[in-house]
Amino acid sequence: MDSKKIEKISRAISDPSRIQILQQFRKKRECLHCSEIHDMLDLAQPSISHHLKQLVDADILLPEKEGRNLKYVLNKPVLDEYIAFLSSLQA
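In this text, all values refer to a predicted model and were calculated from it rather than measured experimentally. The residue count restarts for each chain, going from 1 along the sequence in the order it is written. It should be noted that, the model being predicted, local features are given only for residues of pLDDT at least 70 and side-chain atom pairs only at 80 or more, the latter also being counted only at that level, while totals for whole chains, interfaces and linings use all residues. Excluded from the side-chain calculation are hydrogens and water; included are all heavy atoms of the structure.

A. Representation of the overall build of the chain. Every helix listed is a DSSP run of H or I at least four residues long, and every strand listed is a run of E at least two residues long, numbered separately from the N terminus. Assigned secondary structure in the chain consists of five helices and three strands. The order of α-helices and β-strands along the chain, N terminus first, is α-α-β-α-α-β-β-α. The C-alpha atoms of the chain give a radius of gyration of 13 Å, which matches the 12 Å a tight globule of 91 residues would have. Its C-alpha atoms give the chain principal-axis dimensions of about 45 × 25 × 25 Å. Note on exposure labels: buried denotes an accessible area under 20% of the residue type's maximum, exposed denotes more than 50%, and partly exposed covers the range between, all computed with a 1.4 Å probe on protein chains only. Residue burial in the chain is summarised as follows: out of 91 residues, 29% are buried. Only heavy atoms enter the contact rule, under which two residues are in contact if any of them lie within 4.5 Å. In the chain, once contacts between residues fewer than 6 apart in sequence are set aside, the share between residues at least 24 apart is 54%. As displayed, the chain offers around 6,000 Å² of accessible surface, 52% of which is attributable to carbon and sulfur atoms. For the chain, the separation between the mean place of its 14 positive charges and that of its 13 negative charges on side chains is 1 Å. Values of the radius of gyration come from C-alpha atoms, whereas the globule rule sets the reference at 2.2 Å times the count of residues to the power 0.38. For every accessible area listed, the method is Shrake-Rupley and the probe measures 1.4 Å; residues are considered covered only by the protein chains on display. We treat Lys and Arg as the positive residues and Asp and Glu as the negative residues; His and chain ends play no part in the count. Here the site of a charge means NZ on Lys, CZ on Arg, CG on Asp, or CD on Glu.

Here you go:
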């Protein structure tokens, strides 16, 4: 993983609202729909869209079209690679 990608992911997960979104995946384990994210965060829809865009741009979340709606899934290979990088800093 190159340093630009690491920086982008680090910036994306540095926001408390984005951390909340990611924590919901731990509970749900599969995917989250926009409506579920809206229900759990006390934010306006444009703010939620902004946070989701940041996570998608960092390649942490993958958007999938489901009819007229979007659902989001974790990009586990990218997260695993990022975690491996962070772990390598301890060695």
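B. Structural context of the packing of helix H2 (residues 16-28) against helix H4 (residues 45-57). Axis angles are defined between N-to-C directions and span 0 to 180 degrees, where every axis is a line fitted to C-alpha atoms and, for a helix, only to the segment in contact. Relative orientation of the contacting elements H2 and H4 amounts to 70°, with a least axis distance of 10 Å. When the axes of H2 and H4 are compared, the pair comes out roughly perpendicular. For the pair formed by H2 and H4, the contact residues are Ser 17, Arg 18, Ile 21 and Leu 22 on the first element and His 50, His 51, Leu 52, Gln 54 and Leu 55 on the second. Should an angle fall under 35 degrees it is called roughly parallel, over 145 degrees roughly antiparallel, and 65 to 115 degrees roughly perpendicular, with every other angle called oblique.

C. Broad picture of the layout of surface pockets. A 1.4 Å probe that fits but cannot get out identifies a cavity on a 1 Å grid over protein atoms alone, an open set with protein on both sides within 12 Å along at least five of seven lines counts as a pocket, and a residue lines either if it has an atom within 4 Å of a point. Grid points are joined across faces, edges and corners, and a volume is the space filled by probe spheres set on the points. Roughly 210 Å³ of internal volume is contained in the largest pocket. Forming the walls of the largest pocket are Ile 19, Leu 22, Gln 23, Phe 25, Arg 26, Arg 29, Glu 30, Val 73, Leu 74, Lys 76 and Leu 79. Secondary-structure elements contributing two or more residues to the lining of the largest pocket are H2, strand S3 (69-74) and helix H5 (76-88). When residues in the lining of the largest pocket are grouped by element, the largest group, five residues, is from H2. By residue class, the composition of the lining of the largest pocket is six nonpolar, one polar and four charged. Put simply, Ala, Val, Leu, Ile, Met, Phe, Trp, Tyr, Cys and Pro go in the nonpolar bin, Asp, Glu, Lys and Arg in the charged bin, and everything else, Gly too, in the polar bin.

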